[in-house]
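What follows is the residue order along each chain.
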Amino acid sequence: MAAPALVLRNVLLPGGRTADITMQEGKVLHAGAGAGGKADRTIDCTGLYVLPAAVDMHVHMRGGPQSAKEDWATGSRSALAGGVTVVLDQPNTIPPIIRPDALRARVLEAKTHSLCSFAINSGVTQDTPIRSMWDAGAMAFGETFFAPSSNGEAITPGDLESALREISACGALATIHAEEVGPGDDNDLASHNRIRSVEGELRAVREVGRCNTAGCRLHFCHMSTRNSVIAASALGSVEVTPHHLFLSRERFADTDALGKVNPPLRSGKEQNDLWEAWDKITVIASDHAPHTPAEKRAAFPDAPAGIPGVETMVPLLMAAVLEKRVTLPDVIRKTSQAPAEILGIPCAGLDPGDRADVALYPKKAVAIDPDSLHSRCGFSPFSGLPAVFPRMVILGGEVVCEEGEFTCGSPQWFAGKGYCP
Ligand code: DOR
Ligand code: ZN
């Protein structure tokens, strides 16, 4: 019996044409007038934006002993509800993903519980067996902590240089958390921003460039200022988060650790300047880093850094599209095509052969309400901002999220190119 076919009718394509899109066996089968065969379900997309679903290449899905913050079941629902069908999980878990058996266990955990597709990165420490992690299926290496952060110890410049040599020999991608931590107290958002300064971030980017004597392919995570974006774009691909684009530290009371994150939220002036570098930003990724509300309410110096955001990333950008602040093709490029290309996974799209992951958005924004989000952490520093949430999300040609209801479709594990089963 043939696999079920899903037909999206009246899809407005980039360029202004309208077409019907038929999806079967995880791919787009046909795009044109009418269905390319018998339809098992038909969805009328009149009046909706139909976007290739997003690949969020920077999430911390937690799990294990950190399941009170998030786990694959809740984190993947949060991803789907925000139009993200593929996540790249970061390795600063407990235990960290720095041994092949830990990577294999992490893949199994995600295969068992995740409703969205996923890939897993290898950590990078002085003694991580880079080649074995590559063989075990790591998608990329990092985020490599070039400054300490939550559950991430910093690597020295010498160790980074040797690690980049090994990663480069595998033909793999190194992703870098570039920051510099200066002396001083960390008592509030202002001092947090001072010790992890904008100048320090820029110096760290340049230092990483100097350490890359091997010419390894680099990706700079969560760059928080215009100057860092410009400097990093000369060395590799550049990622920026929604929190650095849509939030500034002045939005929060100074001791409110809900806004504590590494790199820190900057001033409103820095936030505005960051938008000027929009064209140099390769990828928008969330750095979804959930912590429990109780942890975030601790005294500022003890509160962990991190902001949840996988579910609000595309919705915030779609509201910016409605406000004509950014274009729809730019959002598609930076949230879906560019990350897929960087990671070497099939692109989602509306052309025959494309990965059949799409999300359908209404043309109306709502205010973000943390109570209606799906992350276990239950809070959002984006509360109240305008956002456009998808009405329906399709993974591999199957509807997996519709009006707040989730169905388990066929999520995949994307192994890195070095994977030897
Ligand atoms: O604020 C952050 N939190 N920055 C990171 O780089 C790590 C993350 C986390 O895992 O909590
Ligand atoms: Zn980071």
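Residues numbered from 1 in each chain as written. Chains lettered and ligands numbered in written order. Predicted model: local features only at pLDDT ≥ 70, side-chain atom pairs only at ≥ 80, totals over all residues. Heavy atoms only, no water.

(A) Molecular detail of the packing of aromatic side chains. Inspection of the entire model under this criterion finds five aromatic pairs. Each ring, one from W72 and one from F118, has its centre 5.5 Å from the other, and the planes form 55°; the classification is tilted. Residue W72 is located in helix α1 (residues 72-81), and its partner F118 is located in strand β8 (residues 117-120); the two are separated by 46 residues in the primary sequence. Residue class for W72 comes out buried when judged on its relative accessible area of 1%. The exposure class assigned to F118 is buried, which follows from its relative accessible area of 2%. Between W275 and W278 the ring centres are 5.5 Å apart and the planes differ by 25°, which places this aromatic pair in the stacked class. Note on accessibility: W275 and W278 belong to one class, buried. Ring-pair connections join several aromatic residues into one group, and the members of that group are F246, W275 and W278. The ring of W275 is capped by R325, whose NZ or CZ atom sits 4.1 Å from the centre of that ring. (Phe/Tyr/Trp six-rings, centres within 6.5 Å; stacked < 30°, edge-to-face > 60°. Helix = DSSP H or I, 4+ residues; strand = E, 2+ residues; numbered from the N terminus. Buried < 20%, exposed > 50% of the residue type's maximum accessible area, 1.4 Å probe, protein only. Lys NZ or Arg CZ within 6 Å of the ring centre and 35° of its normal.)

(B) Inspection of empty space enclosed by the protein at higher detail. For the structure on display, the rule yields three cavities of 30 Å³ or more. What the largest cavity holds in volume is close to 110 Å³. Forming the boundary of the largest cavity are 15 residues, of which H60, S149, D287, A289 and A305 lie nearest the centre. Across the lining of the largest cavity, the residue classes break down as four nonpolar, eight polar and three charged. Quantified by volume, the second largest cavity comes out at close to 60 Å³. Forming the walls of the second largest cavity are S78, H288, P308, G309, V310, E311, T312, L373, S375, F379 and S380. Tallied by class, the residues present in the lining of the second largest cavity amount to four nonpolar, six polar and one charged. (1 Å grid on protein atoms, 1.4 Å probe; cavity = no way out; pocket = protein on both sides within 12 Å on 5 of 7 lines; lining within 4 Å. Points joined across faces, edges and corners; volume = space filled by probe spheres on them. Nonpolar A, V, L, I, M, F, W, Y, C, P; charged D, E, K, R; others polar.)

(C) View of the environment of Q66. In this fold, Q66 is placed in the loop between β6 (54-59) and α1. The exposure class assigned to Q66 is buried, which follows from its relative accessible area of 6%. Separated by 114 residues in the primary sequence, Q66 and E180 have C-alpha atoms spaced 27 Å apart. Not counting residues within four places of it along the chain, the set of residues in contact with Q66 comprises N92, T93, I94 and N151. (Contact = heavy atoms within 4.5 Å.)

(D) Examining the site of ligand 1 more closely. Surrounding ligand 1, one finds 16 residues, the nearest of these being R62, N92, H177, N262 and A305. A distance of 2.9 Å is found between an oxygen atom of ligand 1 and a side-chain nitrogen or oxygen belonging to N92. The contact in question runs from an oxygen atom of ligand 1 to an N or O atom on the side chain of H291, over 3.0 Å. In a pocket analysis with a 2 Å cut-off to the grid points, ligand 1 is assigned to the largest cavity. Residues of the shell around ligand 1, tallied by class, amount to four nonpolar, nine polar and three charged. (Near = heavy atom within 4 Å. Polar contact = N/O pair within 3.5 Å; in protein donor to acceptor, adjacent residues only side chain to side chain. Sits in = over half its atoms within 2 Å of the grid points.)

(E) Focus on the coordination of the zinc ion (ligand 2). Within the protein, the zinc ion (ligand 2) binds to E143 (OE), H177 (ND1) and H222 (NE2); these donor distances fall in the range 1.7 to 2.2 Å. As a motif over one chain, the donors of the zinc ion (ligand 2) read E-x33-H-x44-H. Of the two residues, H177 is situated in strand β10 (residues 173-177) and H222 in the loop between β11 (217-220) and α7 (226-233); the sequence distance between them amounts to 45 residues. (Donors = N, O, S within 2.8 Å, 3.2 Å for Na, K, Ca; no water.)

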